[in-house]
Amino acid sequence: MLDTRELGRRPGSQRQVTRTVPAPPDLGIEVLKVPEGSPVEIDLRLEAVMEGVLVTGMARAVLEGECARCLEPIEEDSEVTFQELFVYDDPAHQGDPDEDDEVSKLEDDLLDLEPLLRDAVVLALPFQPLCEDDCPGLCTECGARLAEDPDHSHEEPVDPRWAGLAALKQDDPSSTSQD
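Residues numbered from 1 in each chain as written. Predicted model: local features only at pLDDT ≥ 70, side-chain atom pairs only at ≥ 80, totals over all residues. Heavy atoms only, no water.

Draft legend 1. Seen up close, the overall build of the chain. When its secondary structure is counted, the chain shows two helices and nine strands. Relative to its 179 residues, the chain shows a buried fraction of 28%. For the chain, long-range pairs separated by at least 24 residues make up 57% of all intrachain contacts whose partners lie at least 6 apart in sequence. Accessible area for the chain stands at about 12,500 Å²; split by element, carbon and sulfur atoms hold 47% of it. (Helix = DSSP H or I, 4+ residues; strand = E, 2+ residues; numbered from the N terminus. Buried < 20%, exposed > 50% of the residue type's maximum accessible area, 1.4 Å probe, protein only. Contact = heavy atoms within 4.5 Å. Areas by Shrake-Rupley, 256 points an atom, 1.4 Å probe, with all protein chains shown as cover.)

This is the structure we're talking about:
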């Protein structure tokens, strides 16, 4: 929570804020996220406007997870930007009552950055994170990591409809006797 009282509800007044905060739980997706409690650096500009406080900022954190193709651990830096208008919660600054209910509101001149940070980080994450852009993944038959063994191969599987012929091919012709 950030206190916006210093802005004094005077449109045009600004304040710069730089903080390092612990990451909230579940900041990310299943395969790539910011570990809970790890440091998140936040640089913000708070600007008072007629309707509330406009928050513009950037957040930096280290993401940890696993490659979607080969399941190797991934650790990479992430930097996201965001902007959100937090409207005043008093009747003097009420907007159109028909507006969307998803409007961010100030509560007693305090603003909660967690939902804004969560949305910015999650939306910036890749759908399928990769350890390398050209990661070949795992062998579909045995699970071997193909990046470590690029010449990895298996014999072609025998079609079960031809299995009877394969058995005939394996018979030794010298063992049959002719009368």
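Alright, that's what it looks like, and here's the rest.
Draft legend 2. Examining the side chain of serine 78 more closely. Structurally, the position occupied by serine 78 is in strand β7 (residues 73-87). Serine 78 sits in the buried class, given a relative accessible area of 15%. Dropping the residues within four chain positions of it, serine 78 is found in contact with Ala59, Arg60, Ala61 and Leu63.

Draft legend 3. Broad picture of the pattern of salt bridges. Under the counting rule described, the total for this entry stands at six salt bridges. The salt bridge involving arginine 45 is made with glutamate 47; its shortest N-O contact spans 3.5 Å. Classification of arginine 45 as partly exposed rests on a relative accessible area of 30%. Measuring nitrogen to oxygen at the nearest pair gives 2.7 Å for the salt bridge that ties glutamate 114 to arginine 118. Note that glutamate 114 and arginine 118 are positioned in helix α1 (residues 114-124) at a spacing of four residues, about one turn of the helix. (Salt bridge = Lys/Arg side-chain N within 4 Å of Asp/Glu carboxyl O.)

Draft legend 4. Local environment of a nonpolar patch on the surface. The grouping of Trp162, Leu165 and Leu168 at the surface amounts to a nonpolar patch, some 350 Å² of accessible area in total. Position of leucine 165 among the secondary structure elements: in helix α2 (residues 163-170). Note on leucine 165: relative accessible area 46%, which makes it partly exposed. (Patch = residues over 30% accessible without salt bridge, like charges linked within 9 Å, V, L, I, M, F, W, Y side chains within 5 Å.)

Draft legend 5. Inspection of the nonpolar core at higher detail. Judged by nonpolar contacts, the single largest core of 31 residues is most densely connected at Val34, Val40, Val55 and Phe82. Sorting the residues of this core by element identifies β4 (32-34), β5 (39-48), β6 (52-66), β7 and α1 as the ones contributing at least two each. What valine 55 contacts, discounting residues up to four positions off in sequence, is Leu44, Arg45, Leu46, Phe82, Gln83, Glu84, Phe86, Leu111, Leu113 and Leu116. (Core = buried A, V, L, I, M, F, W, Y, C linked by side-chain atoms within 4.5 Å.)

Draft legend 6. Up close: a negative patch on the surface. On the surface, a cluster of negative charge is made up of Glu64, Glu75, Glu76 and Asp77. You can see glutamate 76 is positioned in strand β7. A relative accessible area of 33% places glutamate 76 in the partly exposed class. (Lys, Arg positive; Asp, Glu negative; His and termini not counted. Charge placed at Lys NZ, Arg CZ, Asp CG, Glu CD.)

Draft legend 7. View of α1. Considered for burial, the residues of α1 that qualify are Leu116, Leu117, Ala120 and Val121. The buried residues of α1 occupy an angular sector of 120° when projected down its axis, which confines them to one face. Looking at the buried residues of α1, the elements they touch are β3 (27-29), β4, β5, β6 and β7. (Arc of directions from axis to C-beta.)

Draft legend 8. Structural view of the pairing of β7. Of the strand pairs in this sheet, β6 and β7 are connected by 15 bridges, and their pairing is antiparallel. Residue pairing across strands places threonine 56 opposite glutamine 83, the latter belonging to β7. If you look at the hairpin formed by β6 and β7, you'll find six residues sitting between the two strands, and leucine 71 has a positive phi there, around 65°. Across two bridges, β7 lies against strand β8 (residues 104-105) in parallel orientation. Directly across from phenylalanine 86, in β8, lies its bridge partner serine 104. (Pairing = 2+ DSSP bridges.)

Draft legend 9. Seen up close, unusual backbone geometry. Look at aspartate 26: it is not a glycine, yet its phi comes out positive at around 60°. Along the chain, aspartate 26 falls in the loop between β2 (14-22) and β3. Overall, the relative accessible area of 63% leaves aspartate 26 in the exposed class.

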